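What the coordinates show
Here is what each chain is made of, one letter per residue.
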Amino acid sequence: YPDRALIPAGSCVVSDEISLAIAANRLTAARPGCPDVLDGLAQTLVLSNGISVQGGAAAHPDVVTAWQYILSCADYVWLSPNNARRIPWTPALTLWFATNFQPLQVSSHARGLGQVYKRVP
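Residues numbered from 1 in each chain as written. Predicted model: local features only at pLDDT ≥ 70, side-chain atom pairs only at ≥ 80, totals over all residues. Heavy atoms only, no water.

1. Overview of helix H2 (residues 40-47)
Here is the rule: Here a polar contact means two N or O atoms within 3.5 Å. Within protein one must be a hydrogen donor candidate and the other an acceptor candidate, and residues neighboring in sequence count only if both atoms are side-chain atoms. Here a strand is any run of E in DSSP of at least two residues, a helix any run of H or I of at least four, and the numbering for each starts at the N terminus.
Residue Asp39 occupies the N-cap position of H2, its side-chain oxygen lying 3.0 Å from the main-chain nitrogen of Leu41. Remark: Asn49 follows H2 within two positions and exhibits a positive phi of approximately 60°.

Now the structure itself:
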């Protein structure tokens, strides 16, 4: 699995698509405080009292702030190609993410596995 080598065992990994972390054997972090996001869409629905991204979850500052906190705990973020349907990206959250995480380049990255990002030191 190509992305397993990119993410050291025990790292805090947050993904909008949990099957990616499971397949790479990176679901569980060795340190406390790493959020367990088992379902990115369900996380948004819970935070917004049932409003999906398509329904306007990004218009609720508390939901966006909660996602920023979740992402801020991660050493690595693995975003699926469908992450925009699960995470309420706003311009501010997108800018914060781009400032704090850098994409890792994978030459043999299989289509459909999304993109892995590493926290900027």
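So, next bit.
2. Here we look at the state of the cysteines
As a reminder, the rule being used: Note that a disulfide, as used here, is simply two cysteine sulfur atoms within 2.5 Å.
Tallied over the entire structure, the rule returns 1 disulfide. Between the sulfur atoms of Cys12 and its disulfide mate Cys34 the distance is 2.1 Å. Classification of the bridge connecting Cys12 and Cys34 rests on its S-S torsion, roughly 85°, and on that basis the disulfide is right-handed. You can see Cys12 sitting in the segment before strand S1 (13-15) and its partner Cys34 sitting in the loop between helix H1 (18-23) and H2, a full 22 residues away along the chain.

3. As for the environment of Ile51
Here is the rule we go by: Two residues qualify as a contact provided that any one of their heavy atoms is within 4.5 Å of a heavy atom in the partner residue.
Mapped onto the secondary structure, Ile51 falls in the loop between H2 and helix H3 (61-72). As a C-alpha pair, Ile51 and Val63 span 12 residues in sequence and 9.9 Å in three-dimensional space. Leaving out residues up to four positions away in the same chain, Ile51 has contacts with Thr44, Leu45, Gly56, Ala57 and His60.

4. Observations concerning the sheet that holds strand S2 (residues 76-79)
The strands that make up a sheet pair up through hydrogen bonds in the backbone, lying either parallel or antiparallel. Stated precisely, the cut-off is as follows: Pairing between two strands requires that DSSP report at least two bridges joining them. Lines fitted to C-alpha atoms define the axes here, with helix axes fitted over just the stretch in contact, and angles between the N-to-C directions of these axes take values from 0 to 180 degrees.
Taken in spatial order, the 4 strands make up an open sheet running S1-S2-S4-S3, and their pairing is mixed. Bordering the open sheet on either side are S1 and strand S3 (101-103), each of which pairs with just one other strand. Here the strands of the sheet are splayed against their neighbours by 25° on average, with no regard to which way each runs. Its contacts with the sheet place helix H4 (residues 91-100) against S2, S3 and strand S4 (115-119), and it is angled at close to 75° to S3.

5. Here's the deal with the nonpolar core
Applied cut-off: For this analysis, a nonpolar core means a set of buried residues of the types Ala, Val, Leu, Ile, Met, Phe, Trp, Tyr and Cys, connected via side-chain atoms within 4.5 Å. A 1.4 Å probe rolled over the protein chains alone gives each residue an accessible area, and that area as a share of the maximum for its type sets the label: buried under 20%, exposed over 50%, partly exposed in between.
The biggest cluster of nonpolar side chains holds 19 residues, and the ones touching the most others in it are Trp67, Leu71, Val77, Phe97 and Phe101. When residues of this core are traced back to their parent elements, those giving at least two are H3, S2 and H4. With near-sequence residues (within four places) excluded, Phe101 lies in contact with Leu71, Ala74, Asp75, Val77, Trp96, Tyr117, Lys118, Arg119 and Val120. In terms of nonpolar packing, the next biggest core, distinct from the first, is built from 9 residues, Ala24, Tyr76, Leu104 and Leu113 among them.

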